[in-house]
Amino acid sequence: VKIAEKHKHEDLAKMYFAYAEYNDALYIAGCEYEMSAEYTEIKTQHENMKERLKEAEEATKKLKSERNKTARAAQEFKDMRYHVSTLSNRIASHSRQQDDLALHQSNFLLSALKYYAKGIEHSLADDTRALVRFISLWFQNESNPKAQNGVTSLLPKFPAYKLVSLYHQLVSRLGTGTQAF
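The model shown is predicted, which means the values in this text are computed figures rather than measured ones.

Caption draft 1: Region of the structure containing the overall build of the chain. Of regular secondary structure, the chain possesses six helices and zero strands. Tracing the chain from N to C terminus, the helices and strands come up as α-α-α-α-α-α. Against the compact-globule benchmark of 16 Å for 181 residues, the chain has a radius of gyration of 26 Å, which places it well outside the compact range. Seen through its C-alpha atoms, the chain measures out along the principal axes to roughly 90 × 40 × 25 Å. Of the contacts made within the chain by residues no fewer than 6 positions apart, 75% connect residues no fewer than 24 positions apart. Measuring between centres, the 26 positive side-chain charges of the chain sit 6 Å from its 23 negative side-chain charges.

Caption draft 2: Structural view of the environment of Ser-88. Tracing the backbone through its elements, the reader meets Ser-88 in helix H3 (residues 71-122). Ser-88 sits 46 residues away from Phe-134 along the chain, and the two C-alpha atoms are 41 Å apart.

Caption draft 3: Quick peek at the packing of aromatic side chains. A complete count under the given rule lists four aromatic pairs for this structure. With 5.2 Å between their ring centres and 55 degrees between their planes, Tyr-19 and Tyr-115 make a pair best called tilted. Highlighted residues: Tyr-19 in helix H1 (residues 2-34) and Tyr-115 in helix H3, separated in sequence by 96 residues. The buried category is assigned to Tyr-115, whose relative accessible area is 19%. Taken together, a centroid distance of 5.1 Å and an interplanar angle of 40 degrees make the contact between Trp-138 and Phe-139 tilted. In this structure, Trp-138 and Phe-139 share a single accessibility class: buried. Within the aromatic cluster, the residues linked to one another by ring pairs are Tyr-16, Tyr-19 and Tyr-115.

What counts, and at which threshold
- Residue positions are counted from 1 within each chain, in the order its sequence is given.
- Side-chain atom pairs in this predicted model are given and counted only at pLDDT of 80 or more, local residue features only at pLDDT of at least 70, and totals for whole chains, interfaces and linings cover all residues.
- No hydrogens and no water enter the side-chain calculation; it runs on all heavy atoms of the structure.
- Helix and strand assignments follow DSSP, with helices taken as H or I runs no shorter than four residues and strands as E runs no shorter than two, numbered in order from the N terminus.
- The size measure is the radius of gyration over C-alpha atoms, and the globule rule it meets is 2.2 Å times the number of residues to the 0.38 power.
- Whether two residues are in contact is decided by their heavy atoms, any of which lying within 4.5 Å being enough.
- Within this scheme the basic residues Lys and Arg register as positive and the acidic residues Asp and Glu register as negative, but His and the chain ends are omitted.
- Here the site of a charge means NZ on Lys, CZ on Arg, CG on Asp, or CD on Glu.
- When the centres of two rings from Phe, Tyr and Trp lie within 6.5 Å, Trp using its six-membered ring, the rings pair. Their planes under 30 degrees apart give stacked, over 60 give edge-to-face, and anything left gives tilted.
- For every residue, the accessible area (1.4 Å probe, protein chains only) is compared with the maximum for its type, and the residue is labelled buried under 20%, exposed over 50%, or partly exposed between those bounds.

Don't take any of this as a statement about function, it's just geometry.
Here is the structure:
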C-alpha cells in the first residue's frame, strides 16, 4: 500500500510540475512580449491616439458653435464627431487588450506559483529545480500583492525540510527592508 501511495504522490507531483512549467512558460512569454519593441510601439500608438482624441474633442467644441452657420460647418462638425467616436472606440479596445494582457500575466504567475507549490508538496523526490523556480518567481514579484498573498497561503503547505536547501536565500531576504518579505 505504501509503494502505491508513493507512486500516486509522484504522479501528482509530475502533473503539477507540468502545469507549473506550462504556466511559467506563458508567464515568461508575456514578460518578454511586454519588453518587446512591438509592445512598446503599441503603447506609443495608444498614447498618440489619446493625444489625437484630446485634440479632436477640442476641435469638436469649436465647431459646435459654428455648425448652424453653414452646411459645410455642419458637415465638418459631423465628421469630427465621427472621428472622436472612432478614436474613442479604438482607445477603449487598446485599453481592454492591455488590461487582458495584465490579467493573463497575473493568472499565469499565480498558477505557476500554485502548481510549483503543489508539486513540491506532493513530491517525494528531489525537487530542487522546482523549488528554486518557485522562490525565484516569488522574489522577482515581491512588489506584486497578489503574488505575495498567493505565496503566503502556499508556504504553510510546504514540508519545512524542503526549504532547508534554500535557507541562505530566505534568510538573506530578511534584512532587505522590503515590505513584502
